[in-house]
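As a plain string of letters, each chain reads:
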Amino acid sequence: MTITFLLNGETVQVDAPPTRTLLDWLREDRGLTGTKEGCNEGDCGACTVIVTDDDGPKTLNACILFLPQLHGKAVRTVEGISGPGGKLHPVQQAMIDHHGSQCGFCTPGFVVSMACAHMKKRSDFDDQLAGNLCRCTGYAPIIRAAKAAASEPVPDWMIDTPLENVQNAHLPENTDELAAWYADHPDATLIAGATDVGLWVTKQLRDLAPVAFLHRCNDLQRIDIAKDHTHIGAGCTMTQVLEWASDHFPSYAELIRRYGSTQVRNAATIGGNIANGSPIGDNPPALIALDAKLHLRHGDMQRVINIEDFFIDYGKQDSAPGEFVEAVSIPHQPNHLKCYKLSKRFDQDISAVCGCFNISIENNHVTAARIAFGGMAGIPKRASHVEQTLIGQTWSKETIKTAQTVFSKDFQPLSDMRASAVYRLQTAENMLMRYYLESIGEKTSVLEVQP
Amino acid sequence: MTVAKPLPHDAAHLHVTGQARYVDDIPTPAHCLHLVFGLSDIAHGIITEIDLDPVRQAPGVLAVLTADDLPFDNDVSPSAHDEPLLSKGEIFYLGQPIFLVIAESYLAARKAARLGEITYDERPAILTIDDAMAANSRFEDGPRIYAKGDVERAISEAPHQVRGSIEVGGQEHFYLEGQAAVALPQEGGDMIVHSSTQHPTEIQHKVAEAIGQPMHSVRVEVRRMGGGFGGKESQGNALAVACAVAARATGRPCKMRYDRDDDMMVTGKRHDLRINYHVGFDDEGRIAGVDFTHLMRCGWAQDLSLPVADRAMLHADNAYHLPTARVTSHRLKTHTQSATAFRGFGGPQGMVGIERVLDHIAHFLGRDGLEVRRRNFYASGGSISRTIKPHTTHYGMEVTDFILHEMVEALEVSSDYHARRAAVAEWNARNPLLKKGIALTPVKFGISFTLTHLNQAGALVHVYQDGSIHLNHGGTEMGQGLFQKVAQVAADRFGVPLAAVKITATDTGKVPNTSATAASSGSDLNGMAVKIACDEIRDRMARCLAELHQADPAKVVFRDGHVEVGADRLSFAEAAALTYQNRVSLSATGFYKTPKLQWDRIKGYGRPFFYFAYGAAVTEVVIDTLTGENRILRADILHDCGASLNPALDIGQIEGGYVQGAGWLTTEELVWDDKGRLRTHAPSTYKIPACSDRPDIFNVALWDGQNREETIYRSKAVGEPPFMLGISAFLALSDAVAACGADYPALDAPATAERILAAVNRVHA
């Protein structure tokens, strides 16, 4: 497949197999070795690059970014962060001045993330850099550098404009094209953000042909607010979903803030996170709690199901060959949602338990409850017994304590490297208590405690 | 003076622009081959059948080697000759290399390596401490024991006793740059090797053995590593040897780097251990005697486990005078990765033991931990006189440079320790769900290799006739800033600007027989060796110029880029040219060995260390008693670098060391399943601290002092000691858990949210 994009300001045309990663191509074919491979799975950020498309610049992990995903876009690597004649970018100068590099291996990735944050005038550095691991510095000098550079102007060489009119016969341009093609090629692999599929290639070393890339289907990437629901296209990135959720369901937004990292959220799509059927994806529990509907598409046929019905069993979803997730819709509702993500590390970690609670209380009685968990079963799953125990009861600590006793009817979690079964069950029960205590104004999150 | 300036890392500009080259970035000659190991997928057993035809037939594969194909030594051990490059038929851990794929591309090699069909006669695997103790599976004949006085009597006669046990997990190095090597075959069987290693001489030695050549045929070059932390002291041997063997077999350049998952599955990590303790003490918490048992999981091969376990024993006192003590150390052999060096080299493990004991004593007596700690401190170095004799450690070394009384007093004030401790208690009284904790812990860390002969270093310095200087020494750069510190020394000796000094890659052809850059010793040893070499050249220049100007050589002054001879002032370049024209050598080697060391590791007696480096930290944390979630709110650190060679680089080591140490004891959890398979073998499952995990408030200051011993500019080593400041985070967590109930938390490490919740449950119960 022939791919055209801008690399550090120059147009390049590449003939490459569809699952050739940008990182391998940069290092092996172009000799641009500034971009590093630290983990080859999108967890360390040493390979961070800036990719600019019509939505503007964003950071992505080059190790799980396939070349076709770049078609028509502009890529900037660490080599393109300095200006003409080697003039340093303000974040580069600040990293030197504040001793932000030690071994230097993570540094190009940090510099790229910092330069992108700088361009976007973001000052939430902990979030902007959550996807960049450093083993030497303890991060303090890097943050000092980021702060020091913040007030400097954006160098003009950083401004990229994506290419125009670069259609590619191999890349579907809209959902209809995709649907028709996929119905004819039901064995194909669909690739949206590649934050999961990328690992099939870089870690499992699988050959994925045939593949279809979804990123040019603009009509899949829209969030539309209708009269009684919000319609989120499957191709919306988690960055888009985060922005939307901030206004409507702040706790869901806080969950997404901790979902992957900036680089991962810029690539990962909500559709991908649902369609892969993982029992530990963070969106499904929240969406189940919000009573979301899933829109599935096969050729010209569309159907709508309750999202919890999509997850049948571990590795088994309610979707036919050639059928794909087109959208998810969330009914408008008062915001009672709280999402609790439990992991070994706050940022960029997969949940051991993810509990989402949507409980309506009127006149101090529970009138409705939708509670769902990730990490507690082979699928994202509702806590039906718990819900039933709560509904109709007084909203009190006693009710919560009673409901806590029925969790084991809903869940028999497993032990693995993330957590033991005992811990999972106890914390799931305690999350309900946390919901209650928050509702009466208790301080419950260590993230909100100031020194 | 270039020394003592807070200059940036020598390669900072190269780092931030992406120009700094690591092994995988070095352009390779045409036809370079790529290597990947085929790994075992059982922990213990015998290979009964091995079918590598599918590997050989895979696209792009040139050759596949097994142990039978190795022409010379099949060994990559740094110590006991017990670590074959490729399995000789028996499998000792899950992830052990069995065969070596040589292919035209890295991807082809990776794909092919998964196609080996190996049949095993599986044997029971010894995986845990209890398995190993039951099977008496160990290195050395029995446990090592270091003892001082009649510990049993002291404990039993003391007013109080406590007994306890703590599990302390291992730690993956997670250097951002994985292991990597390239071998370039030369004429006549010679080999040039680029390796990401802390120990070029070891690479040279193992490669020479493996290709059947003397060491003079092998030249190893290391410009920089993308992090080492001890993980590249011995663990790079396998890749360099594999490259050299394959390069010899094919006549083509060969490169090998581990994919991150392979890196974590194959290489050794920090030793995990269980520490049992029994301590006797008085009403005020003064220790009368303490009996420690270290049960250390060393993995399948000896590697560096004996000196690691020794150093754990040597730090079982940390900063505290133990009137009587016994440390019993079991070095257990298990069917897991061979545990190896990691920043602190056993010291952190030993130190956690005694800090746990003091925490336990303080809790038992209901006293403030700092008060109990201070009561047990060694006598102040300043108060030692003819009448007050220095305390001795449990291994018979006098502690004459103890400065923690003064340092801790200063930190108490700067961190506002007492007021904050009261504020924490008050906050906890108001908050039923979230609990804060605070702890102050000190560090006293012994500086020197405990294998005394390693305490030596060499340097090679050239001054060219234009006055530019070529600097080389045996130390390696892994991010710690060694090259810059040593260059500052060289520039200072010649009185020239730093830009006049060219830092060059570590090279076994320039400085031979080097020790690993390890044990925090890099700048102590290499700084001195470089100083000696520079002074030799400088003295020759001075003599030559003095003679020409009929002046006193002792009065020739090198400063500000000039040389002052009597009334004349020459630029350094003119001086160099003149010296050259007068046929005086402008090249010199320098050699240094650490004085005053005398140590018997079997008896556990003597002076293993030249001096001690000190530090102290106060950490404040908060925990959630519903989930065990927790975070560090604030850390205040005061650390002793003597007279710092470069305060900016030293502070960098302290900040980074603290966060890495706190990571070890909190989020970094290694999990093996019951088959011996490491389940946490990538950053998706193994969680080192991320950006937001650093303390919200992070105050780091250097103690203003000088090393009492004659080290380079009276500075102190800084690589490892600050790592152990992270122990304060662990004990702050313990303090927060203790606020949940009456019982002692007995927290194990790493204190993941799960372990904290378990401890909360225990003290609630």
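Calculation notes
- Residues numbered from 1 in each chain as written.
- Chains lettered and ligands numbered in written order.
- Predicted model: local features only at pLDDT ≥ 70, side-chain atom pairs only at ≥ 80, totals over all residues.
- Heavy atoms only, no water.
- Pairing = 2+ DSSP bridges.
- Helix = DSSP H or I, 4+ residues; strand = E, 2+ residues; numbered from the N terminus.
- Axes fitted to C-alpha atoms, helices over the stretch in contact; angles between N-to-C directions.
- Contact = heavy atoms within 4.5 Å.
- Buried < 20%, exposed > 50% of the residue type's maximum accessible area, 1.4 Å probe, protein only.
- Salt bridge = Lys/Arg side-chain N within 4 Å of Asp/Glu carboxyl O.
- Buried area = accessible area lost by both parts, 1.4 Å probe.
- Polar contact = N/O pair within 3.5 Å; in protein donor to acceptor, adjacent residues only side chain to side chain.
- Nonpolar A, V, L, I, M, F, W, Y, C, P; charged D, E, K, R; others polar.
- Phe/Tyr/Trp six-rings, centres within 6.5 Å; stacked < 30°, edge-to-face > 60°.
- Lys NZ or Arg CZ within 6 Å of the ring centre and 35° of its normal.
- Core = buried A, V, L, I, M, F, W, Y, C linked by side-chain atoms within 4.5 Å.

### Details of the sheet that holds strand β21 (residues 557-559) of chain B
Residues and elements named next belong to chain B.
Thinking step 1. A sheet is described by the order of its strands in space; here 3 strands give the open sequence β21-β22-β23, paired in antiparallel fashion. Edge positions in the open sheet fall to β21 and β23 (568-571), since each of these has one partner strand only. Across the sheet, the mean angle from the axis of one strand to that of its neighbour is 25°, orientation sign disregarded.
Thinking step 2. Strands in contact with helix α15 (residues 522-549) are β21, β22 (562-565) and β23; relative to β22, the strand with the most contacts, it is inclined by about 45°.

### Here's the deal with the environment of Y93 of chain B
All names here are of chain B.
Thinking step 1. You can see Y93 is positioned in the loop between β4 (90-91) and β5 (97-103).
Thinking step 2. Assessed through its relative accessible area of 3%, Y93 is described here as buried.
Thinking step 3. Each C-alpha atom, one on Y93 and one on D41, is 8.2 Å from the other, the two residues being 52 residues apart in sequence.

### Brief notes about the pattern of salt bridges
Thinking step 1. Here the structure, examined in full by the defined rule, presents 89 salt bridges over all chains.
Thinking step 2. With its nearest N and O atoms 2.7 Å apart, the salt bridge here joins R382 of chain A to E387 of chain A.
Thinking step 3. Using a relative accessible area of 2% as the deciding quantity, one classes E387 of chain A as buried.
Thinking step 4. When the shortest N-O distance is used, the salt bridge between E412 of chain B and R374 of chain B registers 2.7 Å.

### Points about helix α2 (residues 90-97) of chain A
Thinking step 1. Burial of α2 of chain A is extensive: 6 of the 8 residues sit out of reach of the surface.
Thinking step 2. Among the residues of α2 of chain A, P90, V91, Q92, A94, M95 and I96 of chain A are the ones counted as buried.
Thinking step 3. Summarising the contacts, the buried residues of α2 of chain A are in contact with α3 (107-119) and α5 (140-149) of chain A together with α1 (12-17) of chain B.

### A word on the pairing of strand β24 (residues 587-593) of chain B
All names here are of chain B.
Thinking step 1. The alternating pattern of β24 places A588, G590 and Y592 on a buried face, while none of S587, T589, F591 and K593, on the opposite face, is buried.
Thinking step 2. Note: strand β17 (residues 456-463) against β24, 7 bridges, orientation antiparallel. Counterpart to H462 in the pairing with β24 is S587.

### Observations concerning the interface of chain A and chain B
Thinking step 1. Contacts between the two partners involve 77 residues from chain A, matched on the other side by 85 residues from chain B.
Thinking step 2. Across the interface of chain A and chain B, roughly 6,700 Å² is buried in total on both sides, 57% from carbon and sulfur atoms.
Thinking step 3. Its largest share of buried area at the contact with chain B, chain A owes to R135, L205 and K344 of chain A, together 13% of the area lost on that side.
Thinking step 4. Applying the counting rule to chain A against chain B returns 14 salt bridges.
Thinking step 5. Its salt-bridge partner being D261 of chain B, residue K203 of chain A comes within 2.6 Å of it at the nearest N-O pair.
Thinking step 6. Across the contact surface, chain A and chain B share 42 residue pairs in polar contact (both at pLDDT 80 or more).
Thinking step 7. Those elements that provide at least two residues to the side of chain A that touches chain B are α2, α3, α5, β15 (337-342) and α17 (421-439) of chain A.
Thinking step 8. Across the side of chain A that touches chain B, the residue classes break down as 33 nonpolar, 23 polar and 21 charged.

### Quick word on the packing of aromatic side chains
Two numbers describe a pair of aromatic rings. These are the distance of the centres and the angle of the planes.
Thinking step 1. What the rule picks out here adds up to 33 aromatic pairs over all chains.
Thinking step 2. Arranged with centres 5.3 Å apart and planes meeting at 80°, the rings of F310 of chain A and F311 of chain A form a pair that is edge-to-face. The pair F310 of chain A / F311 of chain A is uniform in exposure class, with both members buried.
Thinking step 3. With a centroid separation of 5.5 Å and 65° between ring planes, the pair formed by F377 of chain B and F402 of chain B is classed as edge-to-face. Note that F377 of chain B is positioned in the loop between α11 (369-376) and α12 (404-414) and F402 of chain B in the loop between α11 and α12, a separation of 25 residues in sequence.
Thinking step 4. Note on F377 of chain B: relative accessible area 5%, which makes it buried.
Thinking step 5. Three or more aromatic residues joined by ring pairs make a cluster, and in this case those are Y146, Y320, F377, Y378, Y395, F402, W599, F609, F612 and Y614 of chain B.
Thinking step 6. Between the NZ or CZ atom of K381 of chain A and the centre of the ring of F411 of chain A, over which it lies, the distance is 5.0 Å.
Thinking step 7. When the ring centre of Y106 of chain B is taken as origin, the NZ or CZ atom of R257 of chain B, which lies over that ring, is 4.0 Å away.

### Some points on α5 of chain A
Thinking step 1. When you tally the buried positions in α5 of chain A, you get 7 out of 10 residues, the bulk of the element.
Thinking step 2. A140, P141, I142, I143, A145, A146 and A149 of chain A are the residues of α5 of chain A that are buried.
Thinking step 3. At its buried positions, α5 of chain A is contacted by α2, α3 and α4 (125-128) of chain A together with α17 (647-665) and β29 (697-702) of chain B.

### Remarks on the nonpolar core
Thinking step 1. Formed by 151 residues in total, the largest nonpolar core has its most connected members in V168, F292, F494, F572 and Y658 of chain B.
Thinking step 2. By size, the runner-up hydrophobic cluster in this structure holds 54 residues, among which are F110 and V112 of chain A together with Y175 and I688 of chain B.

### A closer look at the sheet that holds strand β5 (residues 74-76) of chain A
Residue and element names in this part refer to chain A.
Thinking step 1. Ordered in space as β2-β1-β5-β3-β4, the 5 strands form an open sheet in which the pairing is mixed. With one partner strand each, in any of the chains shown, β2 (10-15) and β4 (56-61) form the two edges of the open sheet. Here the average twist between neighbouring strands, direction ignored, is 35°.
Thinking step 2. Inspection of the sheet shows strand β1 (residues 2-7) paired to β5 by 2 bridges, in the parallel sense. When the sheet's bridge partners are listed, L6 is paired in β5 with A74.
Thinking step 3. On the sheet, helix α1 (residues 22-29) packs against β1, β2, β3 (48-53) and β5 and is oriented at approximately 75° with respect to β1.

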